[in-house]
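Each chain, letter by letter, is given below.
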Amino acid sequence: MLSGKTAIVTGGSRGIGKSIAIELAKQGANVVVNYAGNEQKAQEVVEEIERLGVQSIKVQADVANEEQVKEMIKQTIDSFGRVDILVNNAGITRDNLLMRMKETEFDQVINTNLKGVFMCTKAVTRQMMKQRSGRIINVASIVGVSGNPGQANYVAAKAGVIGLTKTTAKELASRNILVNAIAPGFISTDMTDQLTDEQKEGMLSLIPLAKFGQPEDVAKVVRFLASDDANYITGQTIHIDGGMVM
Amino acid sequence: MADVFDRVKEIIVDKLDVDESKVTLEASFKEDLDADSLDVVELVMELEDEFDMEIADEEAEKINTVGDAVDYINNLQG
Ligand SMILES: NC(=O)c1ccc[n+]([C@@H]2O[C@H](COP(=O)([O-])OP(=O)(O)OC[C@H]3O[C@@H](n4cnc5c(N)ncnc54)[C@H](OP(=O)(O)O)[C@@H]3O)[C@@H](O)[C@H]2O)c1
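As the structure is a computational prediction, the values presented were derived from the model and not from experiment.

## Here we look at the overall build of chain A
Link 1 in the chain: For chain A, the count of helices and strands is nine helices and seven strands.
Link 2 in the chain: At 17 Å, chain A has a C-alpha radius of gyration in line with the 18 Å of a compact globule built from 246 residues.
Link 3 in the chain: In terms of its C-alpha atoms, chain A occupies a principal-axis envelope of roughly 50 × 35 × 35 Å.
Link 4 in the chain: Put simply, chain A has 246 residues, and 50% of those count as buried.

## Observations regarding the confidence of the model for chain B
Residue and element names in this part refer to chain B.
Link 1 in the chain: Residues of chain B with pLDDT of at least 70 account for 96%, and the chain-wide mean is 92.
Link 2 in the chain: For chain B, helix α4 (residues 57-60) is the element with the lowest average pLDDT, namely 90, and helix α2 (residues 29-32) is the one with the highest, namely 96.
Link 3 in the chain: Interface scoring of the predicted complex returns ipTM 0.87; its pTM is 0.96.

## As for helix α2 (residues 39-50) of chain A
Note that an α-helix has 3.6 residues per turn; residues three or four places apart therefore point the same way.
Residue and element names in this part refer to chain A.
Link 1 in the chain: The end-to-end C-alpha distance of α2, which contains 12 residues, comes to 16 Å, matching closely the 16 Å that a straight helix rising 1.5 Å per residue would cover.
Link 2 in the chain: If you check which residues of α2 are buried, you get Ala42, Val45, Val46 and Ile49. Each buried residue of α2 sits inside an arc of 100° when the element is viewed along its axis, so together they form one side.
Link 3 in the chain: If you follow the buried residues of α2, they end up packed against α1 (15-26), β2 (30-35) and β3 (56-60).

## Details of the UniProt feature "active site" (unreviewed entry) in chain A
All names here are of chain A.
Link 1 in the chain: The UniProt record annotates "active site" (unreviewed entry) at Tyr154.
Link 2 in the chain: Within the secondary structure, tyrosine 154 sits in helix α6 (residues 152-172).
Link 3 in the chain: In contact with tyrosine 154, other than residues within four places in its own chain, are Ile92, Thr93, Val109, Asn113, Ser141, Val143 and Met191.

## What to know about the interface of chain A and chain B
Link 1 in the chain: At the junction of the two partners, chain A supplies eight residues and chain B supplies eight residues.
Link 2 in the chain: Contact between chain A and chain B buries roughly 770 Å² in total, counting both sides, with carbon and sulfur atoms accounting for 44%.
Link 3 in the chain: Counting the surface chain A buries against chain B, the share from its top three residues, Arg126(A), Met129(A) and Arg175(A), is 61%.
Link 4 in the chain: Where chain A packs against chain B, one counts seven salt bridges.
Link 5 in the chain: Among the salt bridges present, the one from Asp39(B) reaches Arg175(A), with a minimum N-O distance of 2.6 Å.
Link 6 in the chain: For the pair chain A and chain B, the interface holds seven residue pairs in polar contact (both at pLDDT 80 or more).
Link 7 in the chain: Per element, the largest residue contribution to the side of chain A that touches chain B is four residues, and it comes from helix α4 (residues 103-131) of chain A.
Link 8 in the chain: Here the side of chain A that touches chain B is composed, by residue class, of one nonpolar, one polar and six charged.

Calculation criteria
Residues numbered from 1 in each chain as written. Chains lettered and ligands numbered in written order. Predicted model: local features only at pLDDT ≥ 70, side-chain atom pairs only at ≥ 80, totals over all residues. Heavy atoms only, no water. Helix = DSSP H or I, 4+ residues; strand = E, 2+ residues; numbered from the N terminus. Rg over C-alpha atoms; globule rule 2.2 N^0.38 Å. Buried < 20%, exposed > 50% of the residue type's maximum accessible area, 1.4 Å probe, protein only. pLDDT = per-residue confidence, 0-100. Expected span 1.5 Å × (residues − 1). Arc of directions from axis to C-beta. Contact = heavy atoms within 4.5 Å. UniProt positions renumbered as here; feature names shortened; annotations may be inferred. Buried area = accessible area lost by both parts, 1.4 Å probe. Salt bridge = Lys/Arg side-chain N within 4 Å of Asp/Glu carboxyl O. Polar contact = N/O pair within 3.5 Å; in protein donor to acceptor, adjacent residues only side chain to side chain. Nonpolar A, V, L, I, M, F, W, Y, C, P; charged D, E, K, R; others polar.

Below you can see the structure in the form of structure tokens.
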């Protein structure tokens with residue numbers, strides 16, 4: 001379905017990003033696995049992808065660092081000649097009550113989760129405009145739609161990503177670059193493992209489908225948005241949350 | 001001089017799909033050549049590739065006419 005295409009997945013070394021990277025590879029795409037510090041994990045994903053019979057490279061880059069992001073895009077084009085799909089997935093949490101939240105906690109999350117999306121999008125747009133085609137899929141979060149106590153920084157960033165998605169979709173539509181966001185609910189990964197059992201039970205009671213999502217549940221929606229089946233969808237935010245927010 | 005203008009003209013005709021005769025040094029991209037903001041950004045990208053240079057965003061924003069682009073390139077190469 002995606003053979004001959006090149007995808008970049010930021011934060012592709014673990015969790016949801018890893019699952020997305022593998023799903024796109026299964027569809028035949030060559031995949032660039034971006035990571036921040038965890039080279040070992042990134043290498044494992046690259047090897048798993050190569051076993052699927054497509055090509056993969058890992059690239060370390062802080063998504064909020066313009067130079068590093070430019071270098072990542074350059075390496076991608078040097079290796080594969082094009083960029084068809086960008087999945088802005090890299091993200092972090094620094095949870096705290098607003099009254100206790102430090103400026104650094106706010107800034108770190110905005111930098112990685114919001115500015116990172118801006119940087120990577122800006123950097124791939126040149127190539128996608130030349131190609132007259134491209135797909136950008138931004139991983140937001142359901143809390144960016146609903147709000148969530150203890151996550152002022154994270155929610156602000158994710159709501160920002162949804163707004164950025166809509167604007168980018170409008171700016172680039174004439175060049176056949178489609179931009180959408182996904183808003184996962186509670187997905188079992190390292191990120192959500194940090195929560196206490198009490199917090200997890202509290203979340204569970206809010207989910208109509210009464211279970212947590214798996215990274216694969218998210219990856220399959222990304223696969224759809226990256227495919228020709230989604231040719232007429234842009235600027236949308238797709239909820240993948242077991243019905244948590246309607 | 002003419003050389004740069006000719007190469008710039010060729011790119012404009014190709015990218016904006018306009019008649020060659022309309023591409024004069026005085027022609028404004030947006031007013032006379034029917035380009036929108038994104039077209040201008042794209043043109044600048046093409047010029048960067050053609051002339052193997054980088055035009056900073058602040059400089060690119062000052063390029064409004066064909067002559068602006070030609071001058072910019074000539075100054076850089078001169
Ligand atoms: N899990 C959920 O329930 C849930 C729900 C809604 C939305 N999301 C969103 O889904 C995305 C992935 O979450 P996850 O749960 O899979 O997280 P995760 O397991 O903690 O993985 C985070 C990934 O992002 C990378 N990363 C972190 N900071 C980076 C930076 N500055 N530059 C480049 N890469 C960076 C990490 O690389 P290293 O391995 O090198 O550290 C890792 O690959 C995030 O945007 C998150 O906000 C998650």
